[in-house]
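An overview of the molecular structure
Below, each chain spelled out in residue letters.
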Amino acid sequence: MLDRKKLLEWLIIQAGMGAGVSDYVLARESSIAGNGQVLGVVSGVALNEILVRRLQKGDPSGKIRYALSKFPDQEIAEGIIDKYFIENGKALEKRFHSSPFPVFNQNSDRVLTLNNDLEKLIVAANFVEVFLAKEGHDNPVGINYLYKIQWPFLPSVYGAMLAGVNATLIGAGFPCKFSKVLDKFSVGENATIQIKVAGTEDPYFIRFDPKNIFDNCPELSRPFFIGIEGNHMGAKGVPDADAYVFEEYTGGGHSMPCRSGELTDRGEPKYGEKDEMDFAKLKRILDTNETANGYRQPFWRAGGYAGKLKTAQKEGAVGVQAGVLFEFGRESGLNPELRERGIDAIMNGAIVFKDPRVSASGFPFNVLQVNGTLSERQLYEARTRICALGYLAEPYLDGDQVRLRCPGEKVEDFVRKGGRIEDTIGRGCLCSSLMAVIDLASPGELSLLTAASDLSCVKSVIERHGRDYGMSEGIDYIKNPY
């Protein structure tokens, strides 16, 4: 039985920033520094790719191999190490060997499953990240997923649960009935979610069965399910969540699309009153949910709220979720050199552009304008288009087979697969550029740095504590802004 009163102890949620920015180091340090009041959160995005690249860099700390030694199936763990680990790391000029590209198996009921080797790798990678974030303390740790990235979603969640994750936070979509997935995984049963397949109106599903990984599935603790939503309507779209984070459109990373569908003079989504929080409507929705679920769902505020804890609480929130303040702290997973350039840009008045096109997800993506990154148009135009990792690719029907295509890949390839040429305009490759952000890119790949629109909290903490501030200083600022 979930003790939902625990949720009320989390004054601060350290946002899950992917891929790998909020890694196990950041989540562990913020959780320890918060001493029960802070939910440290790892990003669950692309963890299988991050795992194999860390091993190919030689795993100099030994932490990844140590965590794998604690994985419940040592045959799987040792197989991963044997395949990917390179003693002393790969040569700098060599490209990384990527994890297997997703291939779908399909039954007659339009139910898809992933190739089993990839399932095993995804489960192990999520286990490793959460295990290391929770190591050596008893404070809470969560994991953040983008529901838009559906093909690795189910084995990812199961792997995190294997490591005892306390909360699953899910944004970029409406994961309705996800509570049932957590219930099923906790007792070793298979779970299924519906996915959209381009080229057909027929419903398709993707399934993961823990028995494909273990002969005897252990019973697992069910984590909390926290829906990350743009505004009050998310509480209606995802009524079974244990709690919510409402971030509107002012946070970093992906933002919700605007209701108007229009662009401003700067070329950003034109948000309006319908996109904003309506607390009267939220109350009515939460009242309805409480009647159906039997409990009152708490919520946190996000998107420029790092210095507005009291404001959030006056609005009825438990506390706040903050990202950018932790993103530029010293424990962040950012490439150190890129972190320095990002701080330089922030301190010199850099802006964040909400790009409506660059992400293949279809969601606007907030891009911090930093020299030498793909935020520079000439560098973006010079990049060779390719989809090597496929996290934001969309499933499409090719005859009777479901495959993946991405508007960020070569235009002729996307069109050959039935995509519209207009969908490729302005698209980038977030997968590879976010690997570059955490220093795990193959040669030639450039980074794309995201941040929240309001950067004043970073400036304030740096002005007081210097550029090498850490999680403790960031948490102190949230509790007592200056």
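The paragraphs below set out a description of the structure included in this document.

Calculation rules
Residues numbered from 1 in each chain as written. Predicted model: local features only at pLDDT ≥ 70, side-chain atom pairs only at ≥ 80, totals over all residues. Heavy atoms only, no water. Helix = DSSP H or I, 4+ residues; strand = E, 2+ residues; numbered from the N terminus. Expected span 1.5 Å × (residues − 1). Buried < 20%, exposed > 50% of the residue type's maximum accessible area, 1.4 Å probe, protein only. Arc of directions from axis to C-beta. Contact = heavy atoms within 4.5 Å. Polar contact = N/O pair within 3.5 Å; in protein donor to acceptor, adjacent residues only side chain to side chain. Patch = residues over 30% accessible without salt bridge, like charges linked within 9 Å, V, L, I, M, F, W, Y side chains within 5 Å. Areas by Shrake-Rupley, 256 points an atom, 1.4 Å probe, with all protein chains shown as cover. Salt bridge = Lys/Arg side-chain N within 4 Å of Asp/Glu carboxyl O. Lys, Arg positive; Asp, Glu negative; His and termini not counted. Charge placed at Lys NZ, Arg CZ, Asp CG, Glu CD. 1 Å grid on protein atoms, 1.4 Å probe; cavity = no way out; pocket = protein on both sides within 12 Å on 5 of 7 lines; lining within 4 Å. Points joined across faces, edges and corners; volume = space filled by probe spheres on them. Nonpolar A, V, L, I, M, F, W, Y, C, P; charged D, E, K, R; others polar. Pairing = 2+ DSSP bridges. Axes fitted to C-alpha atoms, helices over the stretch in contact; angles between N-to-C directions. Phe/Tyr/Trp six-rings, centres within 6.5 Å; stacked < 30°, edge-to-face > 60°. Lys NZ or Arg CZ within 6 Å of the ring centre and 35° of its normal.

**Brief notes about helix α9 (residues 279-293)**
- Its 15 residues give α9 an end-to-end C-alpha distance of 20 Å, which sits within 8% of 21 Å, the value for a rise of 1.5 Å per residue.
- The set of residues buried in α9 consists of L282, I285, L286 and N289. Considered in projection along α9, the buried side chains sweep an arc of 100° and stay on one side of the axis. Exposed residues lying more than 90 degrees from the buried face of α9 are R284, T288 and T291.
- On the buried face of α9, the contacting elements are α8 (233-237), β10 (243-246) and β11 (299-301).
- Put simply, D278 is the residue that caps the front of α9, since its side-chain oxygen is 3.1 Å from the backbone nitrogen of A280.
- After α9 finishes, the residue G294 shows a positive phi value of roughly 90°.

**Re a positive patch on the surface**
- A cluster of like positive charges, contributed by K177, K180, K184 and R207, occupies part of the molecular surface.
- Along the polypeptide, K184 turns up in helix α7 (residues 178-186).

**Focus: the layout of surface pockets**
- Put simply, the second largest pocket is a space of about 870 Å³.
- For the second largest pocket, the lining is made up of 41 residues, of which Y147, K148, Q150, I195 and K196 are closest to its centre.
- Mapped by element, the contributors of at least two residues to the lining of the second largest pocket are α7, β7 (191-195), β8 (204-208) and β15 (394-398).
- Of all the elements, β7 adds the most residues to the lining of the second largest pocket, at five residues.
- Here the residues of the lining of the second largest pocket are counted per class, giving 23 nonpolar, eight polar and 10 charged.

**Brief notes about unusual backbone geometry**
- Unusually for a residue other than glycine, N35 sits at a positive phi of about 50°.
- Structurally, the position occupied by N35 is in the loop between α1 (24-34) and β2 (38-43).
- Its identity as a non-glycine residue notwithstanding, D59 has a phi of 45°, on the positive side.
- Checked against the element boundaries, D59 lands in the loop between α2 (47-56) and α3 (63-68).
- A relative accessible area of 3% places D59 in the buried class.

**Notes on the sheet that holds β2**
- With respect to topology, eight strands assemble into a closed barrel ordered β1-β2-β5-β6-β9-β10-β11-β12, the strand pairing being parallel. Ignoring which end each strand starts from, the neighbouring axes of this sheet average 25° apart.
- As paired strands, strand β9 (residues 224-229) and β10 are joined by four bridges and run parallel to one another. Within β10, the position partnered with G227 by the bridge is Y244.

**Describing the environment of D400**
- Tracing the chain through its elements places D400 in the loop between β15 and β16 (401-405).
- On a C-alpha basis, the gap between D400 and L51 in space is 33 Å, while along the polypeptide they are 349 residues apart.

**Some points on the environment of C217**
- Position of C217 among the secondary structure elements: in the loop between β8 and β9.
- Placed 127 residues apart in sequence, C217 and K90 show a C-alpha to C-alpha distance of 36 Å.
- Here C217 is in contact with Y158, G188, P210 and K211, once residues within four sequence places are set aside.

**Some words on the packing of aromatic side chains**
- All chains considered together, the criterion is met by 18 aromatic pairs.
- Here the aromatic rings of Y147 and F153 are separated by 5.2 Å at their centres, their planes lie at 85°, and the arrangement is edge-to-face. For the pair shown, Y147 and F153 are each scored as buried.
- Note on F153: relative accessible area 2%, which makes it buried.
- Counting every residue linked through ring pairs, the aromatic cluster contains Y66, F71, F127, F131, Y158, F185, F208 and F214.
- For the cation-ring pair, R110 lies above Y204, with the distance from its terminal atom to the ring centre recorded as 5.9 Å.

**A few points about the environment of Y482**
- Residue position: Y482 is located in the segment after α17 (471-479).
- For Y482, a relative accessible area of 29% translates into the label partly exposed.
- Residues Y482 and R464, spaced 18 residues apart in sequence, show a C-alpha to C-alpha distance of 9.2 Å.
- Beyond its immediate stretch of four places on either side in the chain, Y482 contacts S460, V461, R464, H465, E473, D476 and Y477.
- Polar contacts involving the side chain of Y482 include one to the side chain of H465, which spans 3.4 Å.

**Quick notes on empty space enclosed by the protein**
- Summed over the entire model, instances satisfying the criterion amount to four cavities of 30 Å³ or more.
- Taken together, 13 residues make up the lining of the largest cavity; nearest its centre are G44, Y145, I149, P152 and S156.
- Secondary structure elements with two or more residues in the lining of the largest cavity: α2, β5 (141-146) and α6 (153-162).
- Residue composition of the lining of the largest cavity, grouped by class: nine nonpolar, four polar and no charged.
- Each pocket or cavity is described by its volume, and for the second largest cavity that value is around 60 Å³.
- In terms of lining residues, the second largest cavity is bounded by A360, I386, C387, L392, C406, G408, G428, C429, L430 and C431.
- In terms of residue class, the lining of the second largest cavity is made up of eight nonpolar, two polar and no charged.

**Concerning the sheet that holds strand β4 (residues 111-114)**
- The sheet built from four strands is open, its strands ordered β3-β4-β8-β7 with mixed pairing. Lying at the two open borders of the sheet, with one neighbouring strand each, are β3 (104-106) and β7. Neighbour-to-neighbour, the strand axes of this sheet turn through a mean angle of 35°, independent of strand direction.
- Together, β4, β7 and β8 form the strand contacts of α6, whose direction differs from that of β8 by roughly 30°.

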